[in-house]
Amino acid sequence: MGRYLLRRLAFLLVSLALASVVLFVLLRMLPGDPANALTSVGASPEQIAAARHSIGSDRPLPEQFIHWIGQLASGDLGTSFVSSLPVGPEISSRLNVTIPLTLAAFALAVLIAVPVGFVAAHRRRTWYGALLNGVSQLGIAVPVFWLGMILIAVFALNAGWLPAGGFPQDGWAQPAEAIRSLTLPVVTIALVMSASLIRYVRSAALDVLGSDYLRTARAMGSSFGRAMWRHGLRNASVPVISILGIELASTLLGAVVVESVYALPGLGSLLATGIAQHDYPVIQGVLFISTLAVLIIGFAADFTQRIIDPRLRGRLSGGVR
């Protein structure tokens, strides 16, 4: 167990280092000058040069990279070129919206997808099993922004039950208003995510339903529910867990779309603003934190698979069974 954790930690650190290099290089290859966000239209070359010097973009790229890595090593994500505010606290305040949005949508999607996917597999030869499968296929093709606008039109503009967008200025100091503001965004993400998850749950359940060990357990007198609980559930969950990790990571990274539709002050909107203003520290900080979150989610999914599946437990210590 200890060696496995050390290997995974080393892999995470190496991946972060490589991601920081790729992120820094690709960001500097994009067209545009960050100094333009600090100067007015028609600024003189001297003013632009002064702006570049003030933010350090006139220094050699290796020197800029070493400076950024040194800041990361000390836990500093830098200072925004535009607002001159520390990037770390700004990201932290935005995560107060993005993390609850992502986790609530993920939990709701799982609660929808697991039972629906299982029923679609178990009753695949019935009309409602085929209907569930067809609806999930259709849901995959629905763009998340289009679904968001439909939900806004129905539940916010017409019914007036929920706000069409925005977030309380005091944040979670007004929990009821904060929850109301996140309800439609959470449902939007969850519906789109659950449509994709239903397919994977259905496929995993079909594999289990046709397995020899399940038929053997039934032949030995176990009821269908007991056989599934004791033998089928664990085997069906192993492939689904990796998909859940991917879906959770993609939801975190794709929050920019939903946050834009609902005008939420989350991590995605901060990234969009940073890109529009060529604010390198903001872009680097958001993408670095997102990369770290994706790597941690991947590690958690991989570790959970090895805990659940006895066939993989030997890998925890590097052994082969």
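An account of the accompanying structure is given in this report. (Residues numbered from 1 in each chain as written. Predicted model: local features only at pLDDT ≥ 70, side-chain atom pairs only at ≥ 80, totals over all residues. Heavy atoms only, no water.)

**Considering the overall build of the protein chain**
Within the protein chain, the regular secondary structure consists of twelve helices and zero strands. When the helices and strands of the protein chain are read in sequence order from the N terminus, they spell out α-α-α-α-α-α-α-α-α-α-α-α. Counting all 321 residues of the protein chain, 38% fall into the buried class. Considering only contacts in the protein chain between residues 6 or more positions apart, those separated by 24 or more positions represent 71%. Accessible surface for the protein chain amounts to roughly 17,300 Å². Of this, 67% is attributable to carbon and sulfur atoms. (Helix = DSSP H or I, 4+ residues; strand = E, 2+ residues; numbered from the N terminus. Buried < 20%, exposed > 50% of the residue type's maximum accessible area, 1.4 Å probe, protein only. Contact = heavy atoms within 4.5 Å. Areas by Shrake-Rupley, 256 points an atom, 1.4 Å probe, with all protein chains shown as cover.)

**With respect to the nonpolar core**
Among the nonpolar cores identified, the biggest contains 34 residues, and L182, L197, Y262 and L264 are the most heavily contacted of them. Of all the secondary-structure elements, those providing two or more residues to this core are α4 (87-122), α6 (144-158), α7 (175-209) and α9 (224-253). The leading source of residues in this core is α7, at twelve residues. Dropping the residues within four chain positions of it, L182 is found in contact with V97, P100, L101, F167, W172 and L264. Within the second largest apolar cluster, 21 residues are counted, among which are L23, I55, L271 and Y280. (Core = buried A, V, L, I, M, F, W, Y, C linked by side-chain atoms within 4.5 Å.)

**Side note on the packing of aromatic side chains**
All chains considered together, the criterion is met by seven aromatic pairs. Considering the side-chain rings of W68 and F288, the 6.4 Å spacing of their centres and the 80° angle between planes classify their relative orientation as edge-to-face. Pair noted here: W68 is in helix α3 (residues 61-73) and F288 is in helix α12 (residues 280-308), with a separation of 220 residues, a long-range link. Judged by centre distance (6.2 Å) and plane angle (55°), the ring pair of F81 and Y280 falls under tilted. With F81 in the loop between α3 and α4 and Y280 in helix α12, this residue pair connects regions lying 199 residues apart in the sequence. Given a relative accessible area of 13%, F81 falls into the buried group. (Phe/Tyr/Trp six-rings, centres within 6.5 Å; stacked < 30°, edge-to-face > 60°.)

**Points about the pattern of salt bridges**
It is possible for side chains bearing opposite charge to pair when their charged atoms get close. Applying the stated criterion to the full structure yields three salt bridges. Across the pair R59 and E63 runs a salt bridge whose closest N-O atoms are separated by 3.8 Å. The salt bridge involving R94 is made with E90; its shortest N-O contact spans 3.1 Å. In this pair, R94 and E90 both sit in helix α4, four residues apart, roughly one turn of the helix. The class for R94 is buried, based on a relative accessible area of 18%. (Salt bridge = Lys/Arg side-chain N within 4 Å of Asp/Glu carboxyl O.)

**Looking at unusual backbone geometry**
Even without being glycine, S84 reaches a positive phi, approximately 60°. Relative to the helices and strands, S84 resides in the loop between α3 and α4. Look at S84 and you get exposed, because its relative accessible area is 53%. Its identity is not glycine, yet A263 carries a phi of approximately 50°, on the positive side. Residue position: A263 is located in the loop between α10 (255-261) and α11 (267-276). When its relative accessible area of 51% is taken as the criterion, A263 is described as exposed.

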